[in-house]
Amino acid sequence: MLACARLCSSTIFSAFRTSPVAAVGQLQRGLSSQADGEERIASILKEKFPLASKLKVMDISGGCGAMYEIHIESSEFKGKRTVQQHQLVNAALKEEIQAMHGLRIFTDIPK
């Protein structure tokens, strides 16, 4: 996460040295990509777990999309141990995980 923060901030500061307008553009792109990544992951999980009653995806990397936290509640997890539930989520995000530094997964079964 520290490396991500350094990368994001060094890009913005480098742009600021040349042009304050470019720095603002870099910052806006960084913030929009955070939401884009969250939306992309949420869309994949909604498709893979159509019975999910709750789903929350958060970029916890400081905005560069290197680490996400996922909270998902689905009846599809019923009868499965926690590790099996997490394996299902990992399998659903197989392609996206390759570009991530880390992933926190929290699964639950509706009460």
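Right above here is the structure, for reference.
Residues numbered from 1 in each chain as written. Predicted model: local features only at pLDDT ≥ 70, side-chain atom pairs only at ≥ 80, totals over all residues. Heavy atoms only, no water.

S.K.: Just to check I follow, could you spell out the sheet that holds strand β3 (residues 102-108) for this structure?
M.R.: Working definition: the strands of a sheet are paired by backbone hydrogen bonds and lie parallel or antiparallel to each other. One open sheet holds the three strands; their spatial order is β1-β2-β3, and the pairing between them is mixed. At either margin of the open sheet sits one strand with a lone partner, and together these are β1 (52-59) and β3. Pairwise comparison of adjacent strand axes, ignoring direction, gives a mean angle of 10° for this sheet. For β1 and strand β2 (residues 67-74), the ladder comprises seven bridges, and the chain directions are antiparallel. For V57, the partnering residue across the bridge sits in β2 and is I70. In the packing of helix α3 (residues 82-92) onto the sheet, contacts are made with β2 and β3, and the angle to β3 comes to roughly 125°. (Pairing = 2+ DSSP bridges. Helix = DSSP H or I, 4+ residues; strand = E, 2+ residues; numbered from the N terminus. Axes fitted to C-alpha atoms, helices over the stretch in contact; angles between N-to-C directions. Contact = heavy atoms within 4.5 Å.)

S.K.: Looking at this model, I keep getting lost on the packing of aromatic side chains. Mind explaining?
M.R.: What characterises a pair of aromatic rings is the spacing of the ring centres plus the angle enclosed by the ring planes. All chains considered together, the criterion is met by one aromatic pair. Measuring from ring centre to ring centre gives 5.4 Å for F49 and F77, while their planes differ by 55°; the resulting arrangement is tilted. A residue pair is termed long-range when its members are at least 10 positions apart, and F49 in the loop between α2 (20-48) and β1 and F77 in the loop between β2 and α3 qualify at 28 residues. On the basis of relative accessible area, F49 is assigned to the buried category, the value being 5%. Looking at F77, the relative accessible area reads 0%, which means it is buried. (Phe/Tyr/Trp six-rings, centres within 6.5 Å; stacked < 30°, edge-to-face > 60°. Buried < 20%, exposed > 50% of the residue type's maximum accessible area, 1.4 Å probe, protein only.)

S.K.: Would you mind going over the pattern of salt bridges with me for this structure?
M.R.: Under the criterion given, the structure shown has two salt bridges. With a shortest N-O distance of 3.0 Å, E69 and R104 are connected by a salt bridge. Of the two residues, E69 sits in strand β2 while R104 sits in strand β3, which places them 35 residues apart along the sequence. A relative accessible area of 12% places E69 in the buried class. Given the relative accessible area of 40%, R104 is considered partly exposed. Across the salt bridge formed by D108 and K111, the nearest N and O atoms sit 3.3 Å from each other. Taking the relative accessible area as the measure of exposure, D108 reaches 34% and is therefore partly exposed. On the basis of relative accessible area, K111 is assigned to the exposed category, the value being 88%. (Salt bridge = Lys/Arg side-chain N within 4 Å of Asp/Glu carboxyl O.)

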